[in-house]
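If you want the building blocks of each chain, they are given just below.
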Amino acid sequence: MAWSWQYEGENGEPASGPAESFTSQADAESWIGQTWRELAAAGVIAVLLVEDDRVEYRMSLQPPAE
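Only a predicted model underlies this, so the values are computations on that prediction, with no experimental measurement involved.

About the cut-offs
- Residues numbered from 1 in each chain as written.
- Predicted model: local features only at pLDDT ≥ 70, side-chain atom pairs only at ≥ 80, totals over all residues.
- Heavy atoms only, no water.
- Helix = DSSP H or I, 4+ residues; strand = E, 2+ residues; numbered from the N terminus.
- Rg over C-alpha atoms; globule rule 2.2 N^0.38 Å.
- Buried < 20%, exposed > 50% of the residue type's maximum accessible area, 1.4 Å probe, protein only.
- Contact = heavy atoms within 4.5 Å.
- Areas by Shrake-Rupley, 256 points an atom, 1.4 Å probe, with all protein chains shown as cover.
- Phe/Tyr/Trp six-rings, centres within 6.5 Å; stacked < 30°, edge-to-face > 60°.

A.B. asks: Kindly report on the overall build of the protein chain, identifying the contributing residues and their values.
C.D. replies: In terms of helices and strands, the protein chain carries one helix and three strands. For the protein chain, the α and β elements follow one another from N to C terminus as β-α-β-β. Taking 66 residues into account, the globule formula puts the C-alpha radius of gyration at 11 Å, and the protein chain, at 11 Å, falls close to it. Taking the principal axes of its C-alpha atoms as reference, the protein chain extends roughly 35 × 20 × 20 Å. Every one of the 66 residues in the protein chain was classed for burial, and the buried ones make up 29%. Residue pairs at least 24 apart in sequence account for 47% of intrachain contacts in the protein chain once pairs closer than 6 positions are excluded. When the accessible surface of the protein chain is split by element, carbon and sulfur atoms take 49% of a total near 4,400 Å².

Spelled out as structure tokens, the structure:
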């Protein structure tokens, strides 16, 4: 099983990002915890954690609305 991230820009459109692959969900989540600020600064609005072809969850990289 391979874990990876997919990236979304405005309106849910695919965005460019590093093509990293991880052997565990924990490794993937640790990596995103270290790089999410850089991705957000590059225009990534949200990320999807994917195991093979199955989406585990979607996470916003935007600050919560006030």
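A.B. asks: Now, about the packing of aromatic side chains: what can you tell me, with residues and values included?
C.D. replies: What characterises a pair of aromatic rings is the spacing of the ring centres plus the angle enclosed by the ring planes. Evaluation of the coordinates by the stated rule reveals two aromatic pairs. Ring centres of Trp-5 and Tyr-57 lie 6.2 Å apart, and the angle between their planes is 75°; on these two criteria the pair is classed as edge-to-face. Placement of Trp-5 in strand β1 (residues 3-8) and of Tyr-57 in strand β3 (residues 54-60) is noted, with a sequence separation of 52 residues between them. Overall, the relative accessible area of 5% leaves Trp-5 in the buried class. Here Phe-22 and Trp-31 contribute two aromatic rings whose centre-to-centre distance is 5.6 Å and whose plane-to-plane angle is 45°, an arrangement assigned as tilted.

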